[in-house]
Amino acid sequence: MIVVAILLAAGGALLYRFFSETSLNTGTSSGGSAIVPQQEVNALTIYDWWTSPSESAAINALISVFETQYPSVAVVAAPVTGGAGFNMGPVVKSFVAAGQAPDAFQMHAGYEAEPYFDAGDLSQIDDIWDSSGLKQVTPDIIQQMCQFNGHFYSIPVDVQRSNVIWYNKAVLSKYHIDPATLTTWPALFAAAAKLQANGISAPIQMGQSWTAGQVLETIIAGEGTDFYQDWINGKVTSPNDPRMIEALQTFKEYLSYTNSDSANITWDTAVDRVIKGQGAFNLMGDWADGEFKLVGMKYGVDYGSIVAPGTQGMYGLVIDTFQHPEGASHPTNSIRWLQVVASRDGQDAFNPPKGSISPRSDSDITKYDSYQQAAIGDFKSATHYFPSVVNGSGAPQDFELNFITITGNFVADHNVANAASAIASTTRQFLSEYNRTWSL
Ligand code: GAL
C-alpha cells in the first residue's frame, strides 16, 4: 500500500486530509509483451464550505458513510472557509473552467448551478434520482430546484429553513420576555428595546453582509409571498415600491438593535454570542441549531427559536446539493458519492449534526433532535416555500451578489431610498437572467 498525498490549493484557505489507497491498473506496453502495472489513485475529491464545528461534524459523518461502503477509496476533502460559499465558489469555478473539476462540490440548488449548467459542466443524473428513490420522497419544489429543462443535475443533501430567529432562553427569562409573543416586528423590537434598557447593547446579533442580506430577504418575505414571488421573478423594478420601502424601514429599525461590528464577524460568531448570552437573538438558517447543540445546549431548555415575524407558515429554503461534474478525474467515485448523498443513510448521518432536515420524507425521524422534529413537521405543513436569494437559489447570481453589496452599504448608511433604488435598478440590469418562474 502506498501513501497518497494530494494537496489541493484552495484560495489560500487550505485544509486537507490524507488517506491511503492503491489501485492497480494493468495495461500492455507498446510492444504488447509485458504487462506493466500502472498505479492510479482511487480517490474522491470533494470541496465544501462546511468549516464551523457542527458543519465539519456533519460532512465528516457523511464521508464516514461513504468510507464504510467504499473503504478502498481515498477521500480528499478540501473545505474552504467562508459562510454560504462566497469564498469557495470562485475557487471551484476556476478549477472547473480549467477542466480540473473536483469529483464533487457543494452547490446551492437553483440559480447557483446555472453558470455550470450553461457552460456544459454538469452531467445529467436522472438515473440516480430514479435508483435512489429520491423522486418518490422529495417535494416537487426541491425537484424543480435540481433540474434544468426537465432533467436532474444535482442531488439535494439537506433542507434548511432560512426564516428562523434563535434565542437564548435564559436571557429572555431573566427579563420576563415570552418568545411566544414575538410574532410581529414591533413585538420583537419592543423586546429588544427592553433588553437594551437593561444593559444588553446589542440584543440582536448579526454577522457579515450575506447574513444581513438573509435578514433583509426574510423581512421582504414577511411582506407577503406574492411580493417575494414578484421580487424573485424580477418584477419589482420600481424604486418606489411601497412594500420594498416598508421592508427597508423595518430592517433599519432592526439594525438599531444589532452589534456595530456585524460586518466583521462570521455567522457562527454571531450564534456564539447568543450561546454566551452576550445577545439574545440571531436570525439564521437552521444550521445554527447544530452550533447550539454541539456545546451541549438543549432545545426548548437553553435555547429556542421563533419563525421570523410575518413568515409564519412559510418555509425559507436553503438547499445544498452535489453534482456530477463533467471532466471529474474519478467519475465512478463521483457517482458513488452522489448515491450515498441521495441515500436515506447518508442523509440521516449528515443532517442530525447539521441542524437541518433531510429532503427525503422517509428519513428516520428518531435520529433528529426536537428542533429538527418540529422543523420536519413545519416543512410538511408549510403553506408556502420560498427559495433564499442570498443562499444561491432564488435569483440570478449577478443579482444576488449586488443585493449583498447593497445590503452591506445599507447596514452602514441606513439610507432607505438609496437601497430601494439600487435593488430595483439591479433587478432591471439583470432582467434577462431571470429565466425561472417561481410559483410559491
Ligand atoms: C449556507 C449553506 C449551509 C451553511 C451556511 C453557512 O449557505 O447552505 O449549509 O453551510 O451557508 O455556511
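These figures come from a predicted structure and were not determined experimentally.

### Side note on the site of the ligand
Now for step 1: Looking at the ligand, there are 15 residues lining it, with Glu 55, His 108, Asp 320, Lys 354 and Asn 391 nearest.
Now for step 2: Glu 55 is positioned such that a nitrogen or oxygen atom in its side chain is 2.6 Å from an oxygen atom of the ligand.
Now for step 3: Here Lys 354 contributes a side-chain N or O atom positioned 2.8 Å from an oxygen atom of the ligand.
Now for step 4: The fraction of the free accessible surface of the ligand (300 Å²) that becomes covered by protein chains is 100%.
Now for step 5: Comparing atom positions with the cavity grids shows the ligand to sit within the largest cavity.
Now for step 6: Along the lines of polarity and charge, the residues of the shell around the ligand split into seven nonpolar, five polar and three charged.
Now for step 7: The residue makeup of the shell around the ligand includes at least three contributed by each of domain 1 (43–160 + 318–376) and domain 2 (161–317 + 378–433).

### Concerning the pairing of strand E5 (residues 43–48)
Now for step 1: Among the six residues in E5, six count as buried, and that is most of the element.
Now for step 2: Side-chain alternation along E5 places Ala 43, Thr 45 and Tyr 47 on one buried face and Leu 44, Ile 46 and Asp 48 on a second face that is also buried.
Now for step 3: Bridge count between E5 and strand E6 (residues 74–79): six bridges; the pairing is parallel. Considered in E6, the bridge of Asp 48 is made with Pro 79.
Now for step 4: You can see the chain leave E5, run along helix H1 (residues 53–69) and come back into E6, and the turn it takes is right-handed.
Now for step 5: As paired strands, E5 and strand E7 (residues 104–105) are joined by two bridges and run parallel to one another. The partner of Tyr 47 across the bridge, within E7, is Phe 105.

### A few points about the sheet that holds strand E15 (residues 303–307)
Sheet strands pair by backbone hydrogen bonding; their relative direction is either parallel or antiparallel.
Now for step 1: With antiparallel pairing, three strands are arranged side by side in an open sheet as E14-E13-E15. With partners counted over all chains shown, the strands left at the sheet margins are strand E14 (281–283) and E15, one partner each. Neighbour-to-neighbour, the strand axes of the sheet open up by a mean angle of 25°, direction not taken into account.
Now for step 2: Bridge count for strand E13 (residues 164–168) against E14 is three bridges, and the pairing is antiparallel. The residue bridging Tyr 167 from the neighbouring strand is Phe 281, located in E14.
Now for step 3: Against the sheet, helix H12 (residues 267–275) engages E13 and E14, with an angle of about 155° to E14.

### Comments concerning the packing of H1 against helix H14 (residues 331–342)
Now for step 1: Relative orientation of the contacting elements H1 and H14 amounts to 120°, with a least axis distance of 10 Å. In the packing of H1 onto H14, the handedness of the crossing is right-handed. Contact residues: H1 offers Ile 59, Leu 62, Ile 63, Val 65, Phe 66 and Gln 69, while H14 offers Asn 333, Arg 336, Trp 337, Val 340 and Val 341.
Now for step 2: Residues belonging to the contact of H1 with H14 are distributed by class as follows: eight nonpolar, two polar and one charged.

Rules of the game
- Residues numbered from 1 in each chain as written.
- Predicted model: local features only at pLDDT ≥ 70, side-chain atom pairs only at ≥ 80, totals over all residues.
- Heavy atoms only, no water.
- Near = heavy atom within 4 Å.
- Polar contact = N/O pair within 3.5 Å; in protein donor to acceptor, adjacent residues only side chain to side chain.
- Areas by Shrake-Rupley, 256 points an atom, 1.4 Å probe, with all protein chains shown as cover.
- 1 Å grid on protein atoms, 1.4 Å probe; cavity = no way out; pocket = protein on both sides within 12 Å on 5 of 7 lines; lining within 4 Å.
- Sits in = over half its atoms within 2 Å of the grid points.
- Nonpolar A, V, L, I, M, F, W, Y, C, P; charged D, E, K, R; others polar.
- Domains from an automatic or database assignment.
- Buried < 20%, exposed > 50% of the residue type's maximum accessible area, 1.4 Å probe, protein only.
- Helix = DSSP H or I, 4+ residues; strand = E, 2+ residues; numbered from the N terminus.
- Pairing = 2+ DSSP bridges.
- Right-handed = clockwise from strand over helix to strand, strands pointing away.
- Axes fitted to C-alpha atoms, helices over the stretch in contact; angles between N-to-C directions.
- Contact = heavy atoms within 4.5 Å.
- Left-handed = near helix turned anticlockwise from the far one by under 90°.

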